[in-house]
Amino acid sequence: MSSPVQLLKQSFDELSRTNKRIAKYVMENPQAASEANIEDLAEVTETSTASVSRLVKTLGYGNFREFTLALAYTQLRPQNLPIFKDIDANDSLGTIADKIFNSSQRAIQDTRAGIDEDEFARAVLRIIHCRRLGLFGLGGSSVAALDGYHKFLRTSIDCFYYPDFDVQLMEAVKLGEEDCAIVVSHSGKNRQTLKVAETLKKRKVPVIGITSYPDSPLALHSDITFISSSDESNYRSEGMYSLLAQLAIVDTLFMMATVRMGPATEDAIRNVQNIIESTRT
């Protein structure tokens, strides 16, 4: 299960104004919130104990005590687990490698924990029934978009990807309701990517967004949103671990679509494999 802070971030946009006040305080002051009782938290957020109780139950916790214990545990992890310690100049190469690999694993595990099966089902249905599948992403996110294109190209799905922004924009305006778009952006705020997403929405194209921030503009423009989680730490680029999670999401969508499409796409994959094999010595 995702941490309390991650759950609050993921559901923030859907919360009431009162619950947003509580959530904002907890996200900004997790240590203080983990040590507070329900009356203290209600007082400092100028809400009520009933509101606090309803919020924690909405997140999936049985009671306030269970919520604060989970919050306290996440505050202890940075001191007790090597994965969360900053890389030190005196760290051995093996220690640095352990921290990087563990952080990568956690980003993928947290991402999976935050995605419901229903979301995968909705996205896969859009993909396998679309006329054309467009993949869009710029900068670091172009890696995930290109990887997705390279995978879906092996299937019977008519797909495309172009690294140039202007070409992406021109392709976006050619899509319609019968098509589908996968748009990737770590921040969800890249202006050019948002221009593509806005164009797709105007064309009524179903958009599957992949981003690290549930309250980002890209998430708001998407019909289905997948959040690529990455633990915050000051010893590495958050975007690098988010990219690994994005790749895992794209790979999962590809495998699910392939399985659901059955024999037709199996033949396409086999034909692609055979032609590639023929070029190898």
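Structure first, text after, so check above.
All values reported here derive from a predicted model rather than from experimental measurement.

(A) Structural context of the side chain of Thr111. Tracing the chain through its elements places Thr111 in helix H7 (residues 93-113). Thr111 sits in the buried class, given a relative accessible area of 5%. A distance of 2.8 Å separates the side chain of Thr111 from the backbone oxygen of Ala107, its partner in a polar contact. Residues contacting Thr111, with those up to four places away along its chain left out, are Ile227, Ser228, Ser229, Ala245 and Ile249.

(B) Representation of helix H10 (residues 165-172). Those residues of H10 that sit buried are Phe165, Gln168, Glu171 and Ala172. Seen from one end, H10 has its buried residues packed into an arc of 125°, which puts them on one side. Of the surrounding elements, those touching the buried residues of H10 are strand E1 (133-137), strand E2 (159-161) and helix H11 (191-202). Two or three places before Asp166, at the start of H10, stands the capping residue Asp164, its side-chain oxygen 3.0 Å from that residue's backbone nitrogen.

(C) Up close: the packing of aromatic side chains. Taken as a whole, this structure holds six aromatic pairs when the rule is applied. Pairing Phe136 with Phe160 gives two aromatic rings, centres 5.8 Å apart and planes at 85°, and the pair type is edge-to-face. Note that Phe136 is positioned in strand E1 and Phe160 in strand E2, a separation of 24 residues in sequence. Feature note: the residues Tyr61, Phe64 and Phe67 constitute an aromatic cluster, connected by ring pairs.

(D) A look at helix H8 (residues 117-128). With 12 residues, H8 should cover 16 Å at 1.5 Å per step; its first-to-last C-alpha distance of 16 Å lies within 8% of that length. Those residues of H8 lying buried are Phe120, Ala123, Val124 and Ile127. Mapping the buried residues of H8 onto a view down its axis gives an arc of 100°, with all of them on the same face.

(E) Local environment of the state of the cysteines. For the structure on display, the rule yields zero disulfides. Free of any disulfide, Cys159 has its nearest cysteine sulfur in Cys130, 8.8 Å distant. Overall, the relative accessible area of 8% leaves Cys159 in the buried class. Cys180 takes part in no disulfide bond, and the closest cysteine sulfur, belonging to Cys130, lies 5.4 Å away. Under the relative-accessibility criterion, Cys180 is labelled buried at 0%.

(F) Fine view of the nonpolar core. In terms of nonpolar packing, the biggest core is built from 26 residues, with Ile127, Leu133, Phe152, Ile182, Ile208, Phe226 and Leu253 touching the most fellow members. Elements with a minimum of two residues in this core: H8, E1, helix H9 (142-152), E2, strand E3 (180-184), strand E4 (207-211), strand E5 (224-227) and helix H13 (238-261). Considering every element that reaches this core, the biggest residue donor is H13, with five residues. Those residues in contact with Leu253, other than ones at most four positions away along the chain, are Phe120, Ala123, Val124, Ile127, Phe152 and Phe226. Core analysis: the next-biggest nonpolar cluster, separate from the first, contains 20 residues, Leu41, Ala42, Val52 and Tyr61 among them.

(G) Seen up close, the pattern of salt bridges. Going through the model one piece at a time under the given rule, you end up with eight salt bridges. The partner of Arg131 in a salt bridge is Asp179, with the nearest N and O atoms 2.9 Å apart. Of this pair, Arg131 sits in the loop between H8 and E1 while Asp179 sits in the loop between H10 and E3, and the two are 48 residues apart along the sequence. On the basis of relative accessibility, which here comes to 45%, the residue Arg131 falls in the partly exposed class. Between Glu171 and Arg132 there is a salt bridge, with the nearest N and O atoms lying 3.5 Å from each other. Linking Glu171 in helix H10 with Arg132 in the loop between H8 and E1, this pair joins segments that are 39 residues apart in sequence. Looking at Glu171, the relative accessible area reads 9%, which means it is buried.

(H) Representation of the side chain of Thr68 within the structure. Within the secondary structure, Thr68 is located in helix H6 (residues 64-80). A polar contact is formed between the side chain of Thr68 and the backbone oxygen of Arg65, at a distance of 2.9 Å.

(I) Structural view of the layout of surface pockets. Reported here for the second largest pocket is a volume of approximately 530 Å³. Gln10, Ser11, Glu14, Glu119 and Pro214 are, among the 23 residues lining the second largest pocket, the residues nearest its centre. Those elements that place two or more of their residues in the lining of the second largest pocket are helix H1 (4-11), H8, helix H12 (217-221) and E5. By residue number, the principal contributor to the lining of the second largest pocket is E5, which donates four residues. Among the residues forming the lining of the second largest pocket, the class breakdown is 11 nonpolar, six polar and six charged.

Rules used throughout
Position numbers for residues count from 1 along each chain, tracking the sequence in the order it is written. Per-residue local features of the predicted model are confined to residues with pLDDT of at least 70, and side-chain atom pairs are confined, for both listing and counting, to 80 or more; whole-chain, interface and lining totals are unaffected and use all residues. With hydrogens and water excluded, all non-hydrogen atoms of the structure serve as input to the side-chain values. Per the convention used, a helix needs a DSSP run of H or I reaching at least four residues, while a strand needs a run of E reaching at least two, with both numbered from the N terminus. When a residue's accessible area, from a 1.4 Å probe over protein chains only, is under 20% of the maximum for its type it is buried; when over 50% it is exposed; and in between it is partly exposed. Think of a polar contact as two N or O atoms within 3.5 Å of one another; within protein, one of them needs to be a possible hydrogen donor and the other a possible acceptor, and neighboring residues in sequence only count if both atoms come from side chains. Note on contacts: a residue pair qualifies if any of its non-hydrogen atoms lie within 4.5 Å across the two residues. To be clear, the arc concerns the directions from the helix axis to the C-beta atoms. Each Phe, Tyr or Trp ring (for Trp, its six-membered ring) is paired with any other whose centre lies within 6.5 Å, and the angle between the two planes then decides the class: stacked below 30 degrees, edge-to-face above 60, tilted in between. To estimate the expected span of a helix, subtract one from its residue number and multiply by 1.5 Å. Put simply, a disulfide is two cysteine sulfurs that come within 2.5 Å. By nonpolar core is meant a set of buried Ala, Val, Leu, Ile, Met, Phe, Trp, Tyr and Cys residues that side-chain atoms within 4.5 Å join together. By convention in these notes, a salt bridge is any Lys or Arg side-chain nitrogen within 4 Å of a carboxyl oxygen on Asp or Glu. Lining residues are those with an atom within 4 Å of a point, where the points come from a 1 Å grid over the protein atoms alone and group into cavities, where a 1.4 Å probe fits but cannot get out, or pockets, open sets with protein on both sides within 12 Å along at least five of seven lines. Grid points are joined across faces, edges and corners, and a volume is the space filled by probe spheres set on the points. Put simply, Ala, Val, Leu, Ile, Met, Phe, Trp, Tyr, Cys and Pro go in the nonpolar bin, Asp, Glu, Lys and Arg in the charged bin, and everything else, Gly too, in the polar bin.

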